[in-house]
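# What the coordinates show
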Amino acid sequence: MTSKRTQAPRHRLALMALALVFGLAGTARAQGLTTLYELARAFDATYLAARAQADAAEYRAAQAKALGLPSLTGNIRGVARQVDLPRSDFNSNNALQTELNGRYPLFNKANQASMEQAERSLIASKAELEAAEQDLIIRLTQAYFDVLAAKDDVALAKTNKAYILEQLASARRNFEVGTATITDTREAQSRADLATAQEIAAENALLNRRIALAYLVGRRDVEPLPLATPVVLPAVEPHNVEEWVSVADTVHPQVTRARVALELARLEIDKAKAGELPTLDAVATIGANHASGSSNQIIPGTTRTGSIGLELNWPLYTGGSVQNRIKETVSLEQRSREEFESARRTVAQNTRVAFFGVQSGEALVKALEAAESSSRLSLEATQLGYKVGVRVNIDVLNAQTQLFQTQRDLFKSRYDVLVNNLRLRQASGQLTPNDLLAVNSLLAKP
């Protein structure tokens, strides 16, 4: 039987081998934003549903175009008839009738308005797909940097815990030799316990962030690439917020949908007014009737017929239905106009908020970078003061905690700036997959 002493080295070797394998696999799986975006486009159910809806809109537009094209229908009818006469034997005959009917609309204002509405609706559906694509970019980018931020939190929590444990050991040694009180040891122990709890919470948050990212891309073996160091954040261009608002007013999907809705409402008025106008169609019919049987009134054989002409339909009286429909569409057009104006105002407001949010985030990053440098110097000075006896243990622990929190806020604020840059482009309606290339260039090489 193998002893526990013999098994222990084997277990350690096995764990080291597994760690090496998973470590190499994690490095091989490291992927950037652009790669993950392609995976998300092929997997995310919300985006795929929007794309299917856009595809369906194209077929609806094609259906509407058929209103202006000729149509042809065929009819086949078979008839068997038997008649009992009072003074003779019964008569019976069979007939097979075939007919082709063609129709071509020459003038129909309602159909014309419907075809134009279909074209506008296709524009709106493309805008909805564009909005879904922008939403996917934001969701993916947010999930990506959430994972990086969670990884930073775990690394910082481990570093903070290791430093506090060193300080705890130092406090214990000083207490044993009589140069410090038990208070220093207990304070360091409480901070160590808190650091352990923070590490556990950070690791759980990282696990949840990884699950969220895997849910978007459809893969669990994803390892986001970190930001390359030193981190250089891109500046916002253009620097004038009104330029962003001006572009948003013309290209934002929400504004486009509202504008199309207004155009559809105006065309709906035209359709309603068309109810007072005539329609004119060219019609043609060809047919054949093959008869057989025993009857004095039926001549056996085949009879062929054909006709061509114009068909005019003019609604002379509708009981006020058309007039009230016109009034209804006018009111609905007014509603669409107000909704269009509301969409423009909302987009302009969101664009301004996003613009100033990015500016504030950039200023926050610079302030936190300065705070990190100051906190590091403060920790070094406090450590020196502790060694020479002018500072106590709690001062060192407070300085270390301040540095830890500052670094955590700094790392997260950098990710927020990158995401908010994309949110600004989304708020102004300019976000495209190409914008991920600029962010992807800031990541470390695989």
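Scroll up to find the structure this text is about.
This text gives an overview of the structure that appears in the document. Throughout this description, residue numbers start from 1 for each chain and increase along the sequence as written. The predicted nature of this model means local features are confined to residues of pLDDT at least 70 and side-chain atom pairs, given and counted, to a pLDDT of 80 or more, with totals for whole chains, interfaces and linings taken over all residues. Where side-chain values are given, they derive from all heavy atoms of the structure, hydrogens and water being excluded.

### Overview of the overall build of the protein chain
Rules: Only DSSP runs of H or I with at least four residues qualify as helices, and only runs of E with at least two residues qualify as strands; both kinds are numbered from the N terminus onward. Throughout this description, buried means an accessible area under 20% of the type-specific maximum (1.4 Å probe, protein chains only), exposed means over 50%, and partly exposed covers the range between. The contact criterion used throughout is that any non-hydrogen atoms of two residues lie within 4.5 Å. Throughout, the Shrake-Rupley method with a 1.4 Å probe supplies accessible areas, and for residues the shown protein chains are the sole cover considered.
A count of helical and extended segments in the protein chain gives 10 helices and 6 strands. Expressed as a percentage of the 446 residues in the protein chain, the buried residues total 33%. Across the protein chain, contacts joining residues at least 24 apart in sequence account for 82% of those joining residues at least 6 apart. Accessible surface, the protein chain as shown: approximately 26400 Å² in total, 56% of it carbon and sulfur.

### Some words on the pattern of salt bridges
Pairing of side chains with opposite charge becomes possible as their charged atoms draw close. Operational definition: A pair is scored as a salt bridge if a Lys or Arg side-chain nitrogen falls within 4 Å of a carboxyl oxygen belonging to Asp or Glu.
Counted according to the given criterion, the structure contains 25 salt bridges. One salt bridge connects E328 with R325, and the closest N-O pair in it is separated by 3.0 Å. With E328 and R325 both in helix α8 (residues 321–388) and 3 residues apart, this pair spans about one turn of that helix. For R325, a relative accessible area of 29% corresponds to the partly exposed category.

### A short note on the nonpolar core
The condition is simple: Nonpolar core, defined: a set of buried Ala, Val, Leu, Ile, Met, Phe, Trp, Tyr and Cys residues in which side-chain atoms within 4.5 Å join the residues together.
Judged by nonpolar contacts, the single largest core of 37 residues is most densely connected at L140, Y144, F145, L213 and V217. Mapped by element, the contributors of at least two residues to this core are α2 (33–41), α4 (109–177), α5 (182–217), α9 (393–427) and α10 (435–440). For this core, the element with the highest residue contribution is α4, accounting for 14 residues. Aside from chain neighbours lying at most four places away, what touches Y144 is Q31, G32, L33, L36, L213, P224, L225 and L443. By size, the runner-up hydrophobic cluster in this structure holds 10 residues, among which are W244, A354, V358 and L424.

### Topic: a nonpolar patch on the surface
Basically, it comes down to this: Exposure above 30% relative accessible area and the lack of any salt bridge qualify a residue for a patch; like charges then connect within 9 Å, and the nonpolar side chains Val, Leu, Ile, Met, Phe, Trp and Tyr within 5 Å.
On the surface, a nonpolar cluster with roughly 460 Å² of combined accessible area is contributed by Y104, L106, F107, L277 and L310. By residue number, the principal contributor to the nonpolar patch is strand β3 (residues 91–107), which donates 3 residues. Assignment of secondary structure puts L277 in the loop between α7 (253–274) and β5 (279–294). Among the residues examined, L277 registers a relative accessible area of 36% and is labelled partly exposed.

### Let's talk about the packing of α2 against α4
Short version of the rule: As a rule, the C-alpha atoms of each element are fitted with a line to give its axis, helices using only the stretch in contact, and angles between N-to-C directions run from 0 to 180 degrees. Angular relationships are summarised with four words: roughly parallel below 35 degrees, roughly antiparallel beyond 145, roughly perpendicular across 65 to 115, and oblique for the angles in between. Left-handed describes a crossing whose near helix is turned anticlockwise from the far helix through less than a right angle; right-handed describes the clockwise counterpart. Ten residue types, Ala, Val, Leu, Ile, Met, Phe, Trp, Tyr, Cys and Pro, are classed as nonpolar, four, Asp, Glu, Lys and Arg, as charged, and the remainder, Gly among them, as polar.
At a minimum axis separation of 10 Å, α2 and α4 run at an interaxial angle of 125°. Here α2 lies oblique to α4, going by the angle between them. As for the relative orientation of α2 and α4, their crossing is right-handed in sense. Mapping the contact onto sequence places L33, L36, Y37, A40 and R41 in α2 and E133, L136, I137, L140, T141, Y144 and F145 in α4. Within the contact of α2 with α4, the residues separate by chemical class into 9 nonpolar, 1 polar and 2 charged.

### A short note on unusual backbone geometry
With omega at -5°, the peptide bond leading from T229 into P230 counts as cis. Summarising the element assignment, P230 is placed in the loop between β4 (223–224) and α6 (241–251). Here the amide bond leading from E237 into P238 is cis, since omega sits at 0°, within 30 degrees of zero. When you line up the elements, P238 lands in the loop between β4 and α6.

### Brief notes about the packing of aromatic side chains
Condition: Geometry of aromatic contacts follows a simple scheme: Phe, Tyr and Trp rings, the Trp one being its six-membered ring, pair when their centres are within 6.5 Å, and the pair is stacked under 30 degrees between planes, edge-to-face over 60, tilted otherwise.
Enumeration according to the criterion identifies 3 aromatic pairs in this entry. Between Y144 and F145, the aromatic rings sit 5.4 Å apart at their centres with planes inclined by 80°, giving edge-to-face as the arrangement. Exposure remark for Y144: the relative accessible area of 0% places this residue in the buried category. A relative accessible area of 1% means that F145 is categorised as buried. Clustering of aromatic rings is evident, with ring pairs tying together Y144, F145 and Y415.

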